[in-house]
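Take a look at the letters that make up each chain.
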Amino acid sequence: MRREPVVVSAHDALTLLGLPRIGKGEWHRRVREHGSAEAALRRIGESPERAAAAADANDVIARSEQLGVSLVVCGDDTYPETLHDLTACEQADISPAPPVFYALGNLALLRRPAVAIVGTRHASATGLRAAARIARECADAGVLVVSGLARGIDAAAHTGALDHVGATAAIIGTGIDIAYPSDHRGLQQRIARDGLLLTESPPGQRATRGSFPERNRLIAALTALTIVVEAGHRSGALLTARAAETLNRAVAAVPGAFDSASCLGSNQLLRDGAHVIASTDDALALLHVARADRHDVTSPPSLSPPERAIWDVLGAAPLELDVVVERAGWAADACLAAVTTLELRGLVRATDTGALHRA
């Protein structure tokens, strides 16, 4: 059921969150009780602590504007509905949804079906190939590939998804202007340009001990399926899988060598009932998404970004217009204009029922 939006300004949200003894859970409680962060602040009244929190909020907003970063506040239309499951969850080890998160890139991508692909930083060549291939073929089918920008499996998933103009989102545990690890700065910038970069940490904030477990719950909440590709017994990827299970999301794993330390955790997931991913078709079936028809992977030249997004979504099998718009990740009016142009160029055709396919 869709929640009624609560209008909360970014400044009020950050000010309330910045007050002493106001964590994420207390923030949500007070906003529910009073109707908005502004009303909650009025109830608290003026104080030196509130003035300091308001000044910090101004600094965060100014820095975000300088970086071109969007602040997405709980209650906004662009705030992902799936994150509310975190707040509704009664498990003590799952933190509530972030009152505010920071985004760089195309937020419309969050409307696509999404899969998390995670795993060990110390992956084998086989694991890296598997992660990249699953990510690439899922992205080709119009699925958003989500991961955590860590070394190893995460990086392979992001890179694989970016092939053939696929879409990926990186959920990071630092401020959006901090590259961690530092050697992923180029990949992070590419994702911000061609996909989506998300964090609940304000600009300039470096990683802390709890940053990455907190990030993992967001990866699980934003996706319908979490796939673990090679994970040892203490891998952070297992935390993502456990969060996904707690949130009633599907969990799957790629079978690995039984004598490999980097596969012990992922194999244990399979033993305990996780879905088996023997090919990308298994992942797409769990997501209820059809494999893209890639008999012709070359796209026509001189396409605008919305036209290219429509082209990449479509295959030989017809798709209903609303599905095409949702998967393309652009506003409906931009998609309709792009479809019209593609039809006039003879690149896209409509069936008698209005479903669309490549010509």
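Scroll up for the structure.
Please read all numbers here as calculations on a predicted model, not as lab measurements. (Residues numbered from 1 in each chain as written. Predicted model: local features only at pLDDT ≥ 70, side-chain atom pairs only at ≥ 80, totals over all residues. Heavy atoms only, no water.)

Peer 1: Would you mind showing me how to read the overall build of the chain here?
Peer 2: Secondary structure summary: the chain contains 15 helices and eleven strands in total. Radius of gyration (C-alpha) of the chain: 21 Å, near the 21 Å computed for a compact globule of 359 residues. With the principal axes as the frame, the chain shows a C-alpha extent of 65 × 55 × 40 Å. Put simply, the chain has 359 residues, and 52% of those count as buried. The contacts in the chain between residues at least 6 apart in sequence include a share of 72% that link residues at least 24 apart. On the chain, roughly 16,600 Å² of surface is accessible, and the fraction owed to carbon and sulfur atoms is 51%. (Helix = DSSP H or I, 4+ residues; strand = E, 2+ residues; numbered from the N terminus. Rg over C-alpha atoms; globule rule 2.2 N^0.38 Å. Buried < 20%, exposed > 50% of the residue type's maximum accessible area, 1.4 Å probe, protein only. Contact = heavy atoms within 4.5 Å. Areas by Shrake-Rupley, 256 points an atom, 1.4 Å probe, with all protein chains shown as cover.)

Peer 1: I would appreciate a short explanation of helix α15 (residues 332–344) in the present structure.
Peer 2: Side chains three or four residues apart in an α-helix point the same way, a direct result of the helix having 3.6 residues per turn. Taking 1.5 Å per residue, 13 residues should reach 18 Å; α15 reaches 18 Å between its end C-alpha atoms and fits that length. Every buried residue belonging to α15 is among Cys 335, Ala 338, Val 339 and Leu 342, and all of these are buried. Angularly, the buried residues of α15 cover 100° about the axis, an arc narrow enough to put them on a single face. Exposed residues on α15 whose side chains face more than 90 degrees from its buried face are Asp 333 and Leu 344. The inward-facing, buried residues of α15 abut α13 (305–313), α14 (321–328), β10 (348–350) and β11 (356–358). Just downstream of α15 lies Gly 346, where phi reads positive at about 80°. (Expected span 1.5 Å × (residues − 1). Arc of directions from axis to C-beta.)

Peer 1: Honestly, the sheet that holds strand β3 (residues 114–119) in this entry has me stumped. Any pointers?
Peer 2: Spatial strand order, β1-β2-β6-β5-β4-β3-β7-β8-β9: nine strands in an open sheet with mixed pairing. The sheet is open, and its two borders are formed by β1 (70–73) and β9 (275–276), each paired with just one other strand. Relative to the sheet, helix α11 (residues 264–271) contacts β7 (225–229), β8 (250–254) and β9, its axis offset from that of β8 by approximately 125°. (Pairing = 2+ DSSP bridges. Axes fitted to C-alpha atoms, helices over the stretch in contact; angles between N-to-C directions.)

Peer 1: Please clarify how the pairing of strand β5 (residues 168–171) should be interpreted in this entry.
Peer 2: One face of the sheet, then the other: side chains in a regular strand alternate in exactly this way. Neither face of β5 is left uncovered, since the one carrying Thr 168 and Ala 170 and the one carrying Ala 169 and Ile 171 both have all their residues buried. Where strand β4 (residues 144–147) and β5 come together, three bridges link them in parallel fashion. Counted as the bridge partner of Val 146 is Ala 169 from β5. Pairing between β5 and strand β6 (residues 196–199): three bridges, direction parallel. Within β6, the residue paired with Ala 170 across the bridge is Leu 197. In this view, the connection linking β5 to its parallel neighbour β6 by way of helix α8 (residues 185–194) has right-handed handedness. (Right-handed = clockwise from strand over helix to strand, strands pointing away.)

Peer 1: For this particular structure, what's the right way to read the environment of Val 276?
Peer 2: Mapping Val 276 onto the fold places it in strand β9. When the C-alpha positions of Val 276 and Cys 74 are compared, they lie 35 Å apart, and in sequence the two are 202 residues distant.

Peer 1: Where do I start with the packing of helix α2 (residues 24–34) against helix α3 (residues 37–44) in this structure?
Peer 2: Two quantities define a packed helix pair, namely the angle between the axes and the distance from one axis to the other. The interhelical angle for the contact between α2 and α3, taken along N-to-C directions, is 95°, at an axis separation of 8 Å. On the basis of the axis angle, α2 is roughly perpendicular to α3. Across the interface between the two elements, Trp 27, Arg 30, Val 31 and His 34 from α2 touch Ala 37, Ala 39, Ala 40, Arg 43 and Ile 44 from α3. Grouping the amino acids of the contact of α2 with α3 by side-chain chemistry returns six nonpolar, one polar and two charged. (Parallel < 35°, antiparallel > 145°, perpendicular 65-115°, else oblique. Nonpolar A, V, L, I, M, F, W, Y, C, P; charged D, E, K, R; others polar.)

Peer 1: Would you mind going over the nonpolar core with me for this structure?
Peer 2: Where a protein is soluble and globular, its nonpolar side chains tend to be buried together. Judged by nonpolar contacts, the single largest core of 68 residues is most densely connected at Leu 16, Trp 27, Leu 83, Leu 86, Phe 101, Leu 198 and Val 228. Of the residues forming this core, the biggest block, five residues, is contributed by helix α10 (residues 236–246). Val 228 has contacts with Val 118, Ala 237, Ala 241, Ala 252, Ala 253, Val 254, Ser 266 and Leu 269, leaving out every residue within four places of it along the chain. Judged by nonpolar contacts, the second largest core, of 24 residues, contains Ile 134, Ile 227, Leu 287 and Val 289. (Core = buried A, V, L, I, M, F, W, Y, C linked by side-chain atoms within 4.5 Å.)

Peer 1: Is there a simple way to think about the side chain of Asp 12 in this case?
Peer 2: Structurally, the position occupied by Asp 12 is in helix α1 (residues 10–17). Although buried, Asp 12 forms no salt bridge, and the nearest oppositely charged side chain, Arg 50, lies 5.9 Å from it. Setting aside its immediate chain neighbours within four residues, Asp 12 contacts Ala 37, Glu 38 and Leu 41. (Lys, Arg positive; Asp, Glu negative; His and termini not counted. Salt bridge = Lys/Arg side-chain N within 4 Å of Asp/Glu carboxyl O.)

Peer 1: Help me understand the pattern of salt bridges, please; the structure alone is not making it clear to me.
Peer 2: A pair can form between side chains of opposite charge whenever their charged atoms are brought close. Across all of its chains, the model carries 17 salt bridges by this definition. For Arg 30, the salt bridge is made with Glu 26, and the minimal N-O distance between the two is 2.7 Å. One end of the pair, Arg 30, and the other, Glu 26, are both in helix α2, four residues apart, so they sit about a helical turn from each other. Residue Glu 26 is classed as partly exposed on the basis of its relative accessible area of 22%. The salt bridge involving Arg 291 is made with Glu 137; its shortest N-O contact spans 3.3 Å. Of the two residues, Arg 291 sits in the loop between α12 (280–287) and α13 while Glu 137 sits in helix α6 (residues 125–140), which places them 154 residues apart along the sequence. For Arg 291, a relative accessible area of 40% translates into the label partly exposed.

Purely spatial values, then, with no claim about function.
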